[in-house]
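Next come the chains, spelled out residue by residue.
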Amino acid sequence: MTGTVNIFEIRCGSGHAIGVLELNNASSLNALTLTMLRTIQQQLLHWQHDENIVSVMIQAVGEKAFCSGADIRALYYAIENDPALTAVEQVTTPTVDDYIHRANNDNSYLAKPFLIDYFTIEYSCDYLIHSYPKPIIAWGNGLVMGGGLGLFIGASHRVVTPSASLAMPEMNIGLYPDVGATWFLNQLPAGIGLFLGLTGADVNASDALDLAMADHLIVDKDRERLIKQLKHYPWQNVAENQISAVITEILTEIAIDSERQRPPSQMIPYFPQIQAACVAPTLEIVYQQINAIDGLGCWLEKAKQTLANGSPLSAHICFQQMQQYQQASLVECFKMELSLSVRCGLVGEFKEGVRARLIDKDAQPQWLYKTISTVDIRLVDSLFMPLWQQQANPLTDLM
């Protein structure tokens, strides 16, 4: 995949500039290659110390997607072509101990280093956006999924267009909601984060605003209007600690004219039922109660379908994320997710999910476990075990 990030600066009349990062991988719905992530990280680090840069804007080429997620094909091929992993997959009737051994494979010289490298850079980028000292405007048009939501959710000023569709669909590919979702899904009202994680349900622009996953709804054509106002604003008269408030004011004013384009809510009509279904002591009860939610319509049916067809192992991981990390800090969540993501790549479930959904496209993944009731919780617990001693975690330097 040959994605790039276009970097440019919009010069302002005041002598300042707006830094722009434009995801340019439209043929793959702007999926994030490792090179793209490195570029984003390096440029953000550079701009944060540039006194002329007032704010940063993250946008994307094309109308279909802000970003569909990680470059999961590259991750798949690294796993597929690793002899150390291929060898352990030859066991005819593997036991839970075999699965745990896979997730702890120290002989992986191809997949494991690549998984560590990719997720380290991705999560570092995401955290940098969450903690950035200057305002970041994220322009979320079309699909904002997985790794794309990881970039979007931490921005100080999150704009959705009427076409926006936010989702964490990792259940479909045998992964789990990562990119800080352990933290940001737990910030949502009780039960909602678990529902989004288990069902991969898409959140449209209206629901994103109501759930505070986005801040402003603006039609796509008004992006130029925003840029024009940013260009001509007298930034020389604005104190550094007031820049964010000025940008909020500009966005709020522009958003007034887009209000009539706000799409009908999809989730909010089911909000009480979703909360009641997902606040439960066991995953099995949650499944039963989600399936019992009464209502017609494609959105709810699609959510139930993903719940039925997604990875049972992923479901248990998601349930544990939402149950055991409610009080964890963002940094703690990223550090935990780094170990968890690498182990999920090694154990085989992710590889099988990508094969079925994107490579062979037979839509028939052979999950490690057929149902949630047959998942051995020892494997789930082992996947959450840290890969490193505390200070050796590659994300230890996150501030």
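Reading guide: rules and limits
- Here the residue numbers are simple positions, counted from 1 along each chain's written sequence.
- Per-residue local features are limited, in this predicted model, to residues with pLDDT of at least 70; the limit for side-chain atom pairs, both in listing and counting, is 80 or more; totals at the level of whole chains, interfaces and linings are taken over all residues.
- Side-chain calculation: all heavy atoms of the structure are included, whereas hydrogens and water are not.
- UniProt positions are given in the numbering used here, feature names are shortened, and annotations may be inferred rather than shown by experiment.
- Strands are runs of DSSP state E lasting at least 2 residues, helices are runs of H or I lasting at least 4, and numbering of each runs from the N terminus.
- Within these notes, the globule rule equals 2.2 Å times the number of residues to the 0.38 power, and the radius of gyration is based on C-alpha atoms.
- With a 1.4 Å probe rolled over the protein chains alone, any residue whose accessible area is under 20% of its type maximum counts as buried; one over 50% counts as exposed, and the rest are partly exposed.
- Throughout, a residue-residue contact means that at least one pair of heavy atoms, one from each residue, lies within 4.5 Å.
- The protein chains shown are the only cover counted for residues, whose accessible areas, like all others here, come from Shrake-Rupley with a 1.4 Å probe.
- The positive count covers Lys and Arg only, the negative count covers Asp and Glu only, and His and the chain ends enter neither.
- For this purpose, a charge sits on NZ of Lys, CZ of Arg, CG of Asp or CD of Glu.
- Paired strands, in this sense, are two strands between which DSSP finds at least two bridges.

- Per an unreviewed UniProt entry, the chain carries the name 3-hydroxyisobutyryl-CoA hydrolase and comes from Photobacterium piscicola.
- Recorded in UniProt for the chain, the comment headed Catalytic activity (unreviewed entry) runs: "3-hydroxy-2-methylpropanoyl-CoA + H2O = 3-hydroxy-2-methylpropanoate + CoA + H(+)".

What to know about the overall build of the chain
Then, in step 1: Looking only at helices and strands, the chain features 18 helices and 10 strands.
Then, in step 2: Relative to its length of 399 residues, the chain is compact, with a C-alpha radius of gyration of 21 Å against a globular reference of 21 Å.
Then, in step 3: Projected onto its principal axes, the C-alpha coordinates of the chain cover approximately 70 × 50 × 40 Å.
Then, in step 4: Looking at the chain residue by residue over its 399 residues, the buried ones come to 59%.
Then, in step 5: The long-range fraction of contacts in the chain, counting pairs at least 24 apart against all pairs at least 6 apart in sequence, stands at 75%.
Then, in step 6: Accessible area of the chain: about 16,400 Å², with a carbon and sulfur share of 51%.
Then, in step 7: Put simply, the chain has 25 plus and 41 minus side-chain charges, and the middle of one group is 4 Å from the middle of the other.

Description of unusual backbone geometry
It is generally the case that most residues other than glycine have a negative phi and that most peptide bonds are trans.
Then, in step 1: Even without glycine at this site, L29 takes up a positive phi of about 55°.
Then, in step 2: Note on placement: L29 falls in the loop between β2 (17-24) and α1 (34-47).
Then, in step 3: We classify L29 as partly exposed; its relative accessible area is 30%.

Brief notes about the pairing of β2
Then, in step 1: For β2, the buried fraction is high: seven of the eight residues fall into the buried class.
Then, in step 2: In the sheet, strand β1 (residues 4-11) pairs with β2 via eight bridges, with the strands oriented antiparallel. Counted as the bridge partner of N6 is E22 from β2.
Then, in step 3: Count of turn residues in the β1/β2 antiparallel hairpin: five residues, of which G15 carries a positive phi of about 95°.

Points about the sheet that holds strand β8 (residues 165-167)
Then, in step 1: Spatial strand order, β4-β6-β8-β9: four strands in an open sheet with mixed pairing. In this open sheet, the two strands that pair with only one neighbour each are β4 (65-67) and β9 (203-204).
Then, in step 2: With two bridges joining them, β4 and strand β6 (residues 143-145) adopt parallel strand pairing. Following the sheet pairing, C67 is matched in β6 by V144.

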